[in-house]
Amino acid sequence: MFSLWTTFCYCLLCWTLLLVVPCHGSCDWPPQYNDLQVPCVCGTGGNLRLTVQCSSVQLSRLVEALQSKPPLDLLAVINGSIATLEDGSFSELDVRGIQLSNVGLKAVSENAFQGLERSLSSLNLELNELTEVPSQSLKKLTNLKELDLSRNRITDVPDGAFNGLPLTTLKLADNLLKISDAAFKGLESTLHNLNLKSTGQTQLPTAVKQLHELSFLDLSQNKFSELLPDDFGNLRQLTALTLERNMVSSVDPKSFNGLNGTLSSLSLLNNKIEEFPTQSIKTLTQLRVLDMGFNRMKSVPDDAFLGNPLLTLLALDGNPFSTLSEVAFSHLNSTLRGLSVGGSTLVCDCRIRWIVEWVKKYDLQVTSRERNPQFCGRPTQYRRRVLPQMSPLELKCEDEAQSSSTTILASTSTTESVQTQLPPQRPTVAASGRDLRAPRTSSLDQLHLTEVIRRGTELTVKWEGFREDNLVRARSAAPVHAMFRIFGEPHFQLGQTANPNTGWAQFQVPEGRAVVVCVVDTAQAATLSATAVPRNQCNEVVAEKVSDSQLNKIIIGSSAAVCGMIIIAVIIFVCCSRRSGKKQAMPRPVMKSEHEWETASVYSGRSIPRARAYHGSVNPSYLHDPRTPDDVQSFRSLPPARAHRGGHMMGNRDIHSSQIALSQLSGHHSFLGTYGGETHHNGWGGSHHWDNTDAYSDRHAPSRLSYGKDNFG
């Protein structure tokens, strides 16, 4: 029994200590590397590999310190000064991903990644001073899947610059590039994601047309003025195409030939298109996301979307049309989930009443990236109104207004008075005091999910990455879609579509369910899945997040509970040890084996105190004992010397005298008078009682204190 309790106590102590061991935080450097403690943060992912992120450190010293660490999933150095990557810069490290951002890197030696030829799968060298693609050092990385050379000073991509690399993702954004016709030779069957944003292109490069397996293509912020026939005809696997912030004024009807059965996301945001490209759009039968916002279109034809029965998200805000006909959208009532519409020219009258009705009837999410006014330009009294929150009765045309002017005045008065009593539904100021609607200073280049707050079924997400250069860019910003996926389900659902310069969105999620929440742009929304989750834009939400003060209370309370469990475990361990010691030290009476009843009295005497040890403090109902309540009460209430035997009381003087006489015949004193002379074969004997106690202790061990995070399932 001592061995069983010892094992249990040790297990309880070890389990408790494991709970308080952190899985991320400081890196626990050896003493000689204490200078790395502050600038570096470490963490361990689900693959049990270490992630290390440092700022402004000496690379050689960091690599030296990491040689005693386990294999790395990611080594990131952000900010600092690393002008050149010398030969063997990462020797003797086992690392899968390297990020060196904003470190002033100008050159990469041919053998800089020596030792990582087969292990390195991701390399990020963005925001540096590179003037050319480091082809010689890259060509040896036979397992490299992701390469980011964005925001450098590269001007030329020569033939075969990436030949021999099994790249699936290549980012060259924000470099003024001249791309040769065979620049992507060798990537025809592997490359899926290509980012050429803001690279100075005036037409689709010939090298891109040869990428038959390409799924995502970003050509935003270039200098395209028109889309030519069959430009994308060879890209028959293309799923998402972004052409926003170019100078496109015309779209040929055959521009998207070849993409009919694959393209699901298309963005032509902030161009110069004057007429809706019905003929080119109607061929895209799999289109789910379409952004035509901030162009120069004055109307939307009734047959605009007849060829797009799967359309889910549609953005038309920022265009100078005065109304939208329901005829163009009637066949989309079962699929359309998000609509961006509004601007200074939109007239909020009976002709767009259907939009408000769809909000109530089909749960349509209506938003706008416009400002002042956001939705309604006219009538003037509606310029500050939020269209999806208006009543259909308020949206009337002039002829209806003349026939019921009194009703309109009464309705308007009532509505405005109710609105003044309602509390604001959404915050405008962050916890730090910054106005979430305040202007910022760059474009939607790096979208990052910064905070997720859950209160019951209400989820609030906040992001960063959009900053305004001027009011025009603020008005034309791409929408941000807050998406969520319930754990165990394969597809994401739309939570809300929001203006990116608000910096936050709020929506409802199922109660008590763990979810993965993401903030994505229009191009990403159509292709978001459980297996394609963008970094820094998604987070898992298992439980309601709390404020720092509440979190401190929880941590303090949890720490106190853990300490309490440790103390209890130690007390149990000490008690078990003392009890075992006492039992081993107890002198066993010298008895003759022929008196079997005396042998029984000895074991009865040993078992009674042991059985009584728990019954002063443990509720018998938790022990699941097979005896009746009367048996339990009888045992607890009667002292051992007065337990029943054969219907007589063992304290009776005649019985006691007989016991003494019998013991004298045997030559020694009996224990019957002391311990009651019972073997207690009614279920409370030694082994049965302790079996129940062990079971109780095991069942009620505190095994539910878990702070782990689920993987993205």
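Residues numbered from 1 in each chain as written. Predicted model: local features only at pLDDT ≥ 70, side-chain atom pairs only at ≥ 80, totals over all residues. Heavy atoms only, no water.

Looking at an unreviewed UniProt entry, one finds the protein named Leucine-rich repeats and immunoglobulin-like domains protein 3, with Araneus ventricosus as its source organism.

J.: Looking at this structure, how should I read the overall build of the protein?
T.: Looking only at helices and strands, one finds 16 helices and 31 strands in the protein. Residues classed as buried in the protein amount to 43% of the 713 residues present. When contacts within the protein are restricted to residue pairs at least 6 apart in sequence, long-range pairs at least 24 apart make up 59% of them. (Helix = DSSP H or I, 4+ residues; strand = E, 2+ residues; numbered from the N terminus. Buried < 20%, exposed > 50% of the residue type's maximum accessible area, 1.4 Å probe, protein only. Contact = heavy atoms within 4.5 Å.)

J.: Please explain the pairing of strand β25 (residues 480–486) as it appears in this structure.
T.: Along a regular strand, successive side chains alternate from one face of the sheet to the other. Among the seven residues of β25, seven are classified as buried, and the element is accordingly described as predominantly covered. Burial along β25 is two-sided: V480, A482, F484 and I486 and H481, M483 and R485, pointing in opposite directions, are all buried. Counting the residues that bridge the hairpin from β25 to strand β26 (residues 493–498) gives six residues, and of these G488 lies at a positive phi of roughly 95°. In this structure, β25 lies alongside strand β28 (residues 515–520), joined through six bridges in antiparallel fashion. For R485, the partnering residue across the bridge sits in β28 and is V516. (Pairing = 2+ DSSP bridges.)

J.: What exactly am I supposed to notice about the packing of aromatic side chains here?
T.: Summed over all chains, the structure comprises nine aromatic pairs. Ring geometry for F162 versus F184: centroids 6.3 Å apart, planes at 20°, classification stacked. Of this pair, F162 sits in the loop between β10 (156–157) and β11 (169–171) while F184 sits in the loop between β12 (178–179) and β13 (193–195), and the two are 22 residues apart along the sequence. Counting every residue linked through ring pairs, the aromatic cluster contains F276, F305, F329, W354, W358 and Y362. (Phe/Tyr/Trp six-rings, centres within 6.5 Å; stacked < 30°, edge-to-face > 60°.)

J.: Which parts of the structure should I look at to understand the state of the cysteines?
T.: Structurally, a disulfide amounts to a covalent bond that connects the sulfur atoms of two cysteines. Tallying each qualifying case throughout the model produces five disulfides. Shown here is the disulfide that connects C27 with C42, its sulfur atoms set 1.8 Å apart. Between C27 and C42, the S-S dihedral sits near 100°, and the bridge is therefore right-handed. Remark: C42 occurs in strand β2 (residues 40–44) and C27 occurs in the loop between β1 (24–25) and β2; sequence separation between them is 15 residues. For the pair shown, C27 and C42 are each scored as buried. What pairs with C348 in a disulfide is C376, and their sulfur atoms sit 1.8 Å apart. Judged by the sign of its S-S torsion, about -90°, the cystine formed by C348 and C376 is left-handed. Of this pair, C348 sits in the loop between β21 (338–340) and α6 (353–362) while C376 is found in the loop between β22 (365–367) and α7 (398–403), placing the two residues 28 residues apart along the sequence. Side by side, C348 and C376 carry an identical accessibility label, which is buried. Sequence-ordered numbering of the bonded cysteines in the protein gives a disulfide pattern of 1-3, 2-4, 5-7, 6-8, 9-10. (Disulfide = S-S within 2.5 Å.)

J.: So what exactly am I meant to see when it comes to the confidence of the model for the protein here?
T.: Caution is warranted with low-pLDDT regions, since their predicted coordinates should not be read in detail. Mean pLDDT over the protein works out to 75, with 67% of the residues at or above the 70 mark. Counted against residues more than four places away or in other chains, residues 582–652, with its pLDDT under 50, gives 85 contacts. Predicted confidence for residues 654–713 stays below pLDDT 50, and this span has 101 contacts to residues more than four positions away or in other chains. (pLDDT = per-residue confidence, 0-100.)

J.: Help me understand the sheet that holds strand β24 (residues 458–464), please; the structure alone is not making it clear to me.
T.: Whether parallel or antiparallel, the strands of a sheet pair through hydrogen bonds between backbone atoms. If you trace the three strands from one edge of the open sheet to the other, you get β23-β24-β27, paired in antiparallel fashion. Where the open sheet ends on each side, the last strands, each with one partner, are β23 (448–455) and β27 (504–508). Neighbour to neighbour, the strand axes of the sheet diverge by 20° on average, direction disregarded. Strand direction decides the pairing type here: β24 and β27, joined by five bridges, are antiparallel. Opposite V461, over in β27, you have A505 as the bridge partner. (Axes fitted to C-alpha atoms, helices over the stretch in contact; angles between N-to-C directions.)

J.: I keep staring at the pattern of salt bridges and nothing clicks. Help me out?
T.: Close approach of charged atoms allows side chains of opposite charge to pair. Inspection of the entire model under this criterion finds 12 salt bridges. Linked through salt bridges whose partners overlap, the residues forming this network are D291, D317 and R369. (Salt bridge = Lys/Arg side-chain N within 4 Å of Asp/Glu carboxyl O.)

J.: Where do I start with the pairing of β28 in this structure?
T.: In terms of residue burial, β28 counts as a mostly covered element, since six of its six residues are buried. Residues of β28 alternate between two faces, with V515, V517 and V519 on one and V516, C518 and V520 on the opposite face, all of them buried. As defined by bridge partners, β28 adjoins strand β29 (residues 538–541) across four bridges and the pair is classed as antiparallel. Directly across from V517, in β29, lies its bridge partner N539.

J.: What should I look at first to understand unusual backbone geometry in this one?
T.: Peptide bonds are trans in most cases, and residues, glycine excluded, mostly fall at negative phi. Here the residue pair N372 and P373 is connected by a cis peptide bond, since its omega of 5° sits within 30 degrees of zero. When you line up the elements, P373 lands in the loop between β22 and α7. Between R378 and the following residue, P379, the backbone shows a cis peptide bond with an omega angle of -10°. By the secondary structure assignment, P379 is in the loop between β22 and α7. One non-glycine residue with positive phi stands out, namely F294, at about 55°. With respect to the helices and strands, F294 occurs in the loop between β19 (289–291) and β20 (313–315). The exposure class assigned to F294 is buried, which follows from its relative accessible area of 8%.

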